[in-house]
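Coordinate inspection notes
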Amino acid sequence: MSKRRLVFSKTGMAKYISHLDLLRCFTRSIMRAELPAVYSQGFNPHMKMTFSLPLSVGVTSSCECVDIEFERGVSDGEIMKRLNSALPPDIRIISVRDPNISANDIFGAEYRLTLLCGGAGENAPKAAGEFFALPEVKIIKRTKKKGEREVNLMDFVLGAEAPKVTDEGIELYITLSAGGQKNLKPEIAAEALIKYLTENADIRVTGYNIHRTKILCDINDPKIFK
Amino acid sequence: MRDYRTDYEDCLRRVQKPARYIGNEFGSVHKDKTDDMMSFAFCFPDVYEVGMSHLGMKILYHMLNEREDTVCERVFAPWDDMEKLMRERDIPLLSMESCAPVREFDIVGFTLQYEMSYSNVVNMLDLAGIPLRTRERGAGDPFVCCGGPCAYHAEPLAELVDFFILGEGEEVNGEIMDEYKKWCGSGKSRDDFLMSLVALGGIYVPKFYDVEFSDDNTIKRFEPNRPGVPKQVRKRIILDFDKCYAPEKLIVPFMETVHDRIMLELFRGCIRGCRFCQAGYIYRPVRERSVDRLCGIADGCIKNTGYEEMSLSSLSTSDYRELQELIDRLLGMTVDKRINLSLPSLRVDNFSMELMEKVQKVKKSGLTFAPEAGTQRLRDVINKNVIESDLIRTSRIAFGGGYNRIKLYFMLGLPTETYDDVKGIADLAKKVIDEGFFSIPPEERKGRSVSITVSTSFFVPKPFTPFQWEPQNLISEMEDKARFLKENIRSKKIVYNWHNSDISLLEAVFAKGDRRLSEVLITAHELGCKFDGWTDFFDYEKWLEAFRINNIDPAFYANRRIPYDEILPWDYADIGVPKSYLIKEHKRAYEEKTTPDCREKCGGCGAASFGGGVCFE
Ligand code: SF4
């Protein structure tokens, strides 16, 4: 038996499928691909499958990871090829490898935010710079365990790049805390930023897209988790 | 043309279940439509998870898309939250695959599975921006058609629908596209196209018929209004069911749907002839698929879907002649792959425990039986061949085999029903426990305790059945009966549920109504009626208001006994079983005489005239 880590992208409309739907989608795709997945024991056996870091509904990604156990005798190349022909078009396997880093070491994730505001974004870089320099931005964070509480957004922001102005609007990369210890959903950061831009720089944002670009692990010696 | 994608996508962020609207599932078909291709919008008048559970839609979707000259895309009813956003932003009803406005399609087809979806048909037409009434449509508008079981008689939609497809669509849908291709660009009128469809057979065009009403609201005259239009339209069926198209590449939804599994259709029709059951009459004669063909289909579906469950879906699955062999072979294909096999409609009288054990190798679940009536007398009236002793014997085997939950389905308000029959339901459920469970010595009982769920629905008289002339009980009568039954169920082991009586009344009205109800439907839509099959939406008061505004008495349709010689709104439809046979069966019901099933002894219902199926076995 061997546990493989599959790095995959989730793009297009697939961003709207929930975690549970994604699990079901992978299970059925593995069945279609006729790959020898290992099942758990017990009353209700299921494929052994663990996603490294949940992704919010509505967010696309090019760096998702899932660990799946297979019986021996199937190569990584074979897994990738067969699974890609069995998955729906908006989910693609990018690589298959040994899971040498534990998902427990994940501490952050980088996101690309695209804020749509037509060509009216020229003030945005300055305003965004001001925003990320603020010592404190109060936000409401909801978790299952702790319920609703007010926290400082900046405690979760690990980095933010200066925005680029494009024809559609503005684009910027931010890095947020992620993982089991400390986690923030990117849409909360995006909405706080949009609110600031609207109130302080008179930028009207009509919509936004978020794309996860990297998952980061090993806080002492940061590297890309894959 | 405005591209709605960005706006539409933005709505998805704000709705409860965005996965309903995203499409792009594995198996969905995306074609680049070129100008010389025809387009068909396949509309299911309910939400995605209901529509995607429906086998008929999958068959016709894939079949049409196998044609190179046709694009078929799916359309579902947006849930309330989505509809609000779409209306706010001026987004019309869009197809799932290409986000194209439904009104741009050549043909817009609805499948009618239940009467309570009619208000959604109206709402979807409105949301699509298609003129609601056929007489308001012209060049540039699509043709609106309907198929499915309710389309055998859907006069209540006559003013809204250009043509109805009577019977099975597998052949005729392709023929319709062929005719459309010829018509398109020919410069001929819309009526010319419809006339070419009439010539195909199985197509009913309501505007080609004049209906005159008498002062007492009954139909005085129902006649074709132009040459070449037949007085009766005969349904289309596929005689050789083995050759009938069955898709093996099904769409596999992302979100969970109501029936989220492979559905294997063993046969069409039913040999039984229960007198209340419309499906049992309109799908005659029974036509089976061979075990080989079924295993071939199953194999393809397993490979192409990855589903973890397969169900054998037919009206009365255990009537399949080679069921044992089929199940053995299917188990051989599924057990290793951990695929569950489920049999949804077992009949009590030929229920075999051994069979059940086999099927449940993978998973054990509750059992469901439908005796439909509480006493033998009433079961004879409705021709439901369930015998009490069989039911009890079967329950004993099931309880002994470790099952501890049995569901029993009944109908209230059946013709000739008395309070003794109603009480019979309570007695029967109690006997199932007393004689089925407590007669097993305690040391042999597998489960500690058992529970029985009794569910009742109210009888809805349906066209094309021997009970089509029967009145439905008044709402007050229905409720009295349900209450009486509740009082008579005293065991804590029996749980009783019943269905809403207001909805049953509306079902009867729209099942048996005529074309004057088209305006009621439009009014009801204007008042906000939609999703009537969902209790959170169904608003009886609004419907009553719609009837009042149009000066129509729902009781005329639902609660009146119709004489045999009255012209019925659905007399135009020829399902292969003549009225004379239904009258004979109706009389036998009152004589409490049963009629044997097709295999025991042919009752001479007329369906043999199709020249195949069970009649020639
Ligand atoms: S003709 Fe006879 S065998 Fe054929 S469907 Fe009718 S009753 Fe059944």
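Just so it is clear, the model here is predicted, and its values are computed rather than measured.

Thoughts on the overall build of chain A
- Each helix and strand counted, chain A has four helices and 12 strands in total.
- If you line up chain A on its principal axes, its C-alpha atoms span 60 × 35 × 35 Å.
- Within the span of chain A, comprising 226 residues, buried residues form 53% of the whole.
- For chain A, contacts bridging at least 24 residues in sequence account for 72% of all contacts bridging at least 6.
- Approximately 11,100 Å² of chain A is accessible, and the part contributed by carbon and sulfur atoms is 49%.
- Counting 32 positive and 28 negative side-chain charges, chain A places the averaged centre of each group 5 Å from the other.

Describing the pairing of strand β1 (residues 38–44) of chain B
Residue and element names in this part refer to chain B.
- Most of β1 is tucked away: seven of the seven residues are buried.
- Along β1, one buried face is formed by Met38, Phe40, Phe42 and Phe44 and the opposite face, lined by Ser39, Ala41 and Cys43, is buried too.
- Sheet topology note: the β1/strand β2 (residues 70–76) ladder contains seven bridges and is parallel. Bridging across to β2, Phe40 finds its partner in Cys72.

Considering the site of the ligand
- Taken together, Arg284, Cys598, Cys602, Gly603, Gly604, Cys605, Ala607, Ala608, Val614 and Cys615 of chain B form the complete shell of residues around the ligand.
- For the shell around the ligand, the per-class residue count stands at seven nonpolar, two polar and one charged.

Topic: the sheet that holds strand β14 (residues 340–342) of chain B
Residues and elements named next belong to chain B.
- An order of β10-β13-β14 is seen for the three strands of this open sheet, with the pairing classed as parallel. On the outer flanks of this sheet lie β10 (262–264) and β14, each paired with one strand and no other. Taking the axes of each pair of neighbouring strands and ignoring which way they run, one obtains an average angle of 20° across the sheet.
- Together, β10, β13 (309–312) and β14 form the strand contacts of helix α10 (residues 323–334), whose direction differs from that of β13 by roughly 170°.

As for the sheet that holds strand β18 (residues 494–498) of chain B
Residue and element names in this part refer to chain B.
- Read from one edge of the open sheet, four strands run β15-β16-β17-β18, paired in parallel fashion. Both edges of this open sheet fall to β15 (367–372) and β18, since each of them pairs with a single strand only. Geometrically, the sheet is characterised by an average inter-axis angle of 20° between neighbouring strands, direction not taken into account.
- Strands β15, β16 (405–412) and β17 (451–458) of the sheet are contacted by helix α13 (residues 388–400), whose axis makes an angle of about 170° with β15.

Things to note about the side chain of Thr305 of chain B
- Mapping Thr305 of chain B onto the fold places it in helix α9 (residues 291–305).
- Judged by its relative accessible area of 0%, Thr305 of chain B is buried.
- There is a polar contact of 2.7 Å between the side chain of Thr305 of chain B and the backbone oxygen of Cys301 of chain B.
- Setting aside chain neighbours within four positions, we find Thr305 of chain B in contact with Arg28 and Arg32 of chain A together with Leu250, Val252 and Ile262 of chain B.

Brief notes about the packing of helix α4 (residues 80–88) of chain B against helix α5 (residues 118–128) of chain B
Residues and elements named next belong to chain B.
- At their nearest, the axes of α4 and α5 sit 11 Å apart, and the two run at 30° to each other. With respect to their mutual orientation, α4 and α5 come out roughly parallel. The element α4 and its partner α5 pack so that their crossing is left-handed. Facing α4, whose interface residues are Glu83, Met86 and Arg87, α5 presents Asn123, Asp126 and Leu127.

A short note on helix α6 (residues 169–183) of chain B
All names here are of chain B.
- Helix length check: α6, at 15 residues, gives a terminal C-alpha distance of 20 Å against a target of 21 Å (1.5 Å per residue), a fit within 8%.
- Restricting attention to buried positions, one finds in α6 the residues Gly169, Glu170, Val172, Asn173, Gly174, Ile176, Met177, Glu179, Tyr180 and Trp183.
- Following α6 by one or two positions, Gly185 has its phi on the positive side, about 80°.

Examining the layout of surface pockets
Residue and element names in this part refer to chain A.
- Its volume calculated, the second largest pocket comes out at about 1,600 Å³.
- Ser56, Arg142, Asn183, Lys185 and Glu187 are, among the 46 residues lining the second largest pocket, the residues nearest its centre.
- Going through the elements one at a time, β6 (138–143), α4 (186–201) and β11 (207–217) are the ones with two or more residues in the lining of the second largest pocket.
- When residues in the lining of the second largest pocket are grouped by element, the largest group, five residues, is from α4.
- In the lining of the second largest pocket, the residues fall into 20 nonpolar, 13 polar and 13 charged.

Remarks on the nonpolar core
- Phe26 of chain A together with Leu112 and Phe163 of chain B are the most contacted members of the largest nonpolar core, which has 225 residues in total.
- Ignoring any residue separated from it by four or fewer positions in sequence, one finds Phe26 of chain A in contact with Phe8, Met49, Phe51, Val66, Ile68, Leu83, Leu87, Ile91 and Ile93 of chain A.
- Grouped together as the second largest cluster of nonpolar side chains are 45 residues, Ile101, Ala189, Ala201 and Val205 of chain A included.

Things to note about the packing of aromatic side chains
Residue and element names in this part refer to chain B.
- Under the definition given, this model contains 36 aromatic pairs over all chains.
- Aromatic pair Tyr180 and Phe193: ring centres 5.4 Å apart, planes at 90°, arrangement edge-to-face. Note that Tyr180 is positioned in helix α6 and Phe193 in helix α7 (residues 190–198), a separation of 13 residues in sequence. We note that Tyr180, like Phe193, is buried.

Considering the domain arrangement of chain A
Residues and elements named next belong to chain A.
- When the domains of chain A are assigned, the result is domain 1 (2–100) and domain 2 (105–224).
- The C-alpha-based centres of domain 1 and domain 2 are spaced at 28 Å.
- Each partner contributes to the interface: domain 1 provides 12 residues, whereas domain 2 provides 15 residues.
- Taken together, both faces of the contact between domain 1 and domain 2 bury some 990 Å²; the carbon and sulfur share is 55%.
- Our enumeration of links across domain 1 and domain 2 arrives at one salt bridge.
- For Arg212, the salt bridge is made with Glu64, and the minimal N-O distance between the two is 3.0 Å.

Here we look at the environment of Asp427 of chain B
- Relative to the elements of secondary structure, Asp427 of chain B occurs in helix α14 (residues 419–434).
- The exposure class of Asp427 of chain B is partly exposed, given its relative accessible area of 35%.

What to know about the interface of chain B and chain A
- Counting residues at the interface gives 26 residues for chain B, matched by 26 residues for chain A.
- When chain B packs against chain A, the two sides together hide about 2,200 Å² of surface, and 57% of this comes from carbon and sulfur.
- In terms of surface lost to chain A, no three residues of chain B exceed Arg13, Phe26 and Phe254 of chain B, which account for 31% of the buried area on that side.
- Remark: the boundary between chain B and chain A carries four salt bridges.
- Residue Asp260 of chain B is joined to Arg28 of chain A by a salt bridge in which the shortest nitrogen-to-oxygen separation is 3.2 Å.
- Inspection of the chain B/chain A interface yields eight residue pairs in polar contact (both at pLDDT 80 or more).
- For the side of chain B that touches chain A, the class distribution of residues is 12 nonpolar, four polar and 10 charged.

Conventions and cut-offs
Residues numbered from 1 in each chain as written. Chains lettered and ligands numbered in written order. Predicted model: local features only at pLDDT ≥ 70, side-chain atom pairs only at ≥ 80, totals over all residues. Heavy atoms only, no water. Helix = DSSP H or I, 4+ residues; strand = E, 2+ residues; numbered from the N terminus. Buried < 20%, exposed > 50% of the residue type's maximum accessible area, 1.4 Å probe, protein only. Contact = heavy atoms within 4.5 Å. Areas by Shrake-Rupley, 256 points an atom, 1.4 Å probe, with all protein chains shown as cover. Lys, Arg positive; Asp, Glu negative; His and termini not counted. Charge placed at Lys NZ, Arg CZ, Asp CG, Glu CD. Pairing = 2+ DSSP bridges. Near = heavy atom within 4 Å. Nonpolar A, V, L, I, M, F, W, Y, C, P; charged D, E, K, R; others polar. Axes fitted to C-alpha atoms, helices over the stretch in contact; angles between N-to-C directions. Polar contact = N/O pair within 3.5 Å; in protein donor to acceptor, adjacent residues only side chain to side chain. Parallel < 35°, antiparallel > 145°, perpendicular 65-115°, else oblique. Left-handed = near helix turned anticlockwise from the far one by under 90°. Expected span 1.5 Å × (residues − 1). 1 Å grid on protein atoms, 1.4 Å probe; cavity = no way out; pocket = protein on both sides within 12 Å on 5 of 7 lines; lining within 4 Å. Points joined across faces, edges and corners; volume = space filled by probe spheres on them. Core = buried A, V, L, I, M, F, W, Y, C linked by side-chain atoms within 4.5 Å. Phe/Tyr/Trp six-rings, centres within 6.5 Å; stacked < 30°, edge-to-face > 60°. Domains from an automatic or database assignment. Buried area = accessible area lost by both parts, 1.4 Å probe. Salt bridge = Lys/Arg side-chain N within 4 Å of Asp/Glu carboxyl O.

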